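Here are the chains, one letter per residue:
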Amino acid sequence: MSRKEFVPLNLLAKSAGISRQAVWKACQRGNWRGHALEVRVVQGKGGNAGKDYLVSLASLPPALQLRLKPIETRAQNRPKPIASRGRRGRADQGKRRVVISRQWDALVPFDHGTKAKIAEDIKQEIRGLLAAGAAWGHVKILARNFLAETTRSWGFRPNDPASFEKACSIPWTLVSEEMHYRKVHQFRTNRKAYEDSRPRGRRSIEDMRPMELVVGDVHPIDIHLTRADGSICTAKLIGFLDWATGRVWCDLIAFDTRGGVNNRDVIEVFAAMVDHPAFGLPETLYIDNGKEYGFATYLDDATTLTVPGFHGPGRSMRVVNALPYNASAKPIERWFGDFESRYLSTLPGWISGNRMNKRQEAIGRTVAPYGTFEDFVPAFFGLLKAYHSMPTGKQSGLKGHSPNTTFQQHVVAGWSAITMSRDEVRAAVARRVERTVIQGAIQLRGRRWSCEELWQYSHDKVLVCEPVYHAPAELLVLDMKGKRLGIATPDVPLHPLDHRGAQSTAARAKAHRDAIVQMARSVPKIDVAARLMALGQDQPQVIPNEPAGKVSFDPSQRPARIVMPKKPLISEERRREQDKRIAAQMDLVKRIVG
């Protein structure tokens, strides 16, 4: 092929190992990897508007020109140009005829098996480099060095080192064929991107009830606001999405200084949702593993939210923690992005989602803030109300209906919420701690707590449900088996002259006495001494064996003979003591009387 000839796009794409569309785009740009292309447009079949494109061989990169050398040989033997149609295909068409590169194959005098082994080694090297995150240019250089070293290790000694180094250059197609190994690097270093791109099953909300599955999350609002001191800040959104209807219960929070959302903030938004008749208690709560959701661990127990003694509902709630790097599995993440782009972007002060490349009203000037947090709140909830009434797309899970319309259908079908007061939700977020009952009261957080049930309690230990994130005004008290005892309140000391103190003491004494009397009535009366004596009488007598012998001292060797003193009778001792006392009293009388 002479340098004046032109190459058709399909042949060029096949030789380069890329699609014809990619070659066509390069022709439109007039540039191929830094080389200016000479393109000729001819009339032909197909193509764009019946046009076909031919590219001058001389304008292509040298590596690609070398790839087209076999075509040049065939072109010299035939009168037809390369651009002509109807050429017969090769018998080995589709089979790889080049092991590594034409230059390396021609220069290295190894047999085909050895070359194939080296080619497989270089492929593994390229795959390992890509899996380790090496850049394209680095892969080609490092793989070239590896090929040169491997070739020498097989015994090849080049006469011209410069030609050998050039022949070891790695064709770009050899690298491009292994580019999918970059997924390994993505899996190791950017799990979020990997999880977002991995295959997933489809989910359907058909036949799902409202509040059957609620998804919670915290999201930064990308709108500039001003603090009281004039500094710029952004608000945080704490949201809960009802998956079945697309409705969102949320609230906003802003900080005067730098800070993050904590458990108490999330609890307050959650408690407000649970107390609302249009939402109520979720059947399943799907949340992240972040520390701001630590409170949910106390809700995972099915008996916790029943809250005996706090008059809570009987429904239980299951808590499910999302897998790490699995944001796409949570529909609230998609809702955040949709609400930002379709609704919040209409407000002044929006800075878009990329905080590393914020929007600018002019070069060097950031977006002016919307206003204060108090100004922004009504605007936000106005847009949220618009979202709830806006029909969705036909392909969405709501099938073209708005969240409000979908919820209305469930209401008409008979669905109703099970609500719970905010105080009861706060009290439910509690841990059980063991305490000792002393005189009808317990100690917790430096205070003394008591109730009538503790006055009557006869055991030493109780379990106290201590709120984790709030200061308690009352405490739920359980026995050691988890059964409810009562609600304890602070035991306030009274003035000694306050008559209520005497009344309280009397009431406590009576309650404790009545409990003991009731216990006494519930058990039989037993004479323990009689039972023990009867037990001793029933035992068989043990008769000892005859003594094996008797030991006695020789009288001549005995140190002394023991004489035991005679012990007087008890009655004689008492009479002598009485006589002495009488005589002493008479002497005293005589001295006094004279």
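This text follows the structure it describes.
Residues numbered from 1 in each chain as written. Predicted model: local features only at pLDDT ≥ 70, side-chain atom pairs only at ≥ 80, totals over all residues. Heavy atoms only, no water.

(A) Focus on the sheet that holds strand β19 (residues 461–467). Spatially, the 6 strands line up as an open sheet ordered β16-β19-β20-β21-β18-β17, and their pairing is antiparallel. In this open sheet, the two strands that pair with only one neighbour each are β16 (430–436) and β17 (441–444). The average angle at which neighbouring strand axes cross in this sheet is 35 degrees, direction not considered. Pairing of strand β18 (residues 447–450) with strand β21 (residues 484–490), which is carried by 2 bridges, proceeds in the antiparallel orientation. Looking at β21, one finds that Ser 450 is bridged to Thr 489. (Pairing = 2+ DSSP bridges. Helix = DSSP H or I, 4+ residues; strand = E, 2+ residues; numbered from the N terminus. Axes fitted to C-alpha atoms, helices over the stretch in contact; angles between N-to-C directions.)

(B) Representation of the pattern of salt bridges in the model. Here the structure, examined in full by the defined rule, presents 11 salt bridges. Ionic pairing is found between Asp 242 and Arg 247, a salt bridge with its closest N-O pair at 3.0 Å. A relative accessible area of 1% means that Asp 242 is categorised as buried. Look at the salt bridges and you will find they share partners, linking Arg 209, Glu 212 and Glu 283 into a network. (Salt bridge = Lys/Arg side-chain N within 4 Å of Asp/Glu carboxyl O. Buried < 20%, exposed > 50% of the residue type's maximum accessible area, 1.4 Å probe, protein only.)

(C) Representation of the packing of helix α1 (residues 9–16) against helix α2 (residues 20–29) within the structure. At a minimum axis separation of 8 Å, α1 and α2 run at an interaxial angle of 115 degrees. Compared by their axis directions, α1 and α2 come out roughly perpendicular. Here α1 and α2 pass one another in a crossing that is right-handed. Note on element contacts: α2 touches α1 through Arg 20, Val 23, Trp 24 and Cys 27, opposite Leu 9, Asn 10, Leu 12 and Ala 13. In the contact of α1 with α2, the residues fall into 6 nonpolar, 1 polar and 1 charged. (Parallel < 35°, antiparallel > 145°, perpendicular 65-115°, else oblique. Left-handed = near helix turned anticlockwise from the far one by under 90°. Contact = heavy atoms within 4.5 Å. Nonpolar A, V, L, I, M, F, W, Y, C, P; charged D, E, K, R; others polar.)

(D) Examining unusual backbone geometry more closely. Positioned with a positive phi, Met 211 is a non-glycine residue whose angle comes to about 65 degrees. Within the secondary structure, Met 211 sits in the loop between α11 (191–197) and β6 (214–220). Judged by its relative accessible area of 1%, Met 211 falls in the buried class. In this structure, Lys 399 is a non-glycine residue whose phi angle is positive, near 55 degrees. Relative to the helices and strands, Lys 399 is located in the loop between α14 (373–389) and α15 (403–412).

(E) Spatial organisation of the sheet that holds strand β8 (residues 232–233). The mixed open sheet is built from 3 strands, whose spatial order is β8-β7-β15. Edge positions in the sheet fall to β8 and β15 (371–372), since each has one partner strand and no second.

(F) Focus on the pairing of β19. The buried fraction of β19 is high, at 6 of 7 residues. Relative to β19, β16 runs antiparallel, the two sharing 7 bridges. Considered in β19, the bridge of Arg 431 is made with Glu 466. In this sheet, strand β20 (residues 475–478) lies alongside β19 in antiparallel orientation, the contact comprising 3 bridges. What sits directly across from Leu 463, in β20, is Leu 478.

(G) A look at a nonpolar patch on the surface. Taken together, Ile 526, Val 528, Leu 532 and Leu 535 make up a surface patch of nonpolar side chains, about 390 Å² in accessible area. Within the secondary structure, Ile 526 sits in the loop between α18 (499–521) and α19 (528–538). (Patch = residues over 30% accessible without salt bridge, like charges linked within 9 Å, V, L, I, M, F, W, Y side chains within 5 Å. Areas by Shrake-Rupley, 256 points an atom, 1.4 Å probe, with all protein chains shown as cover.)

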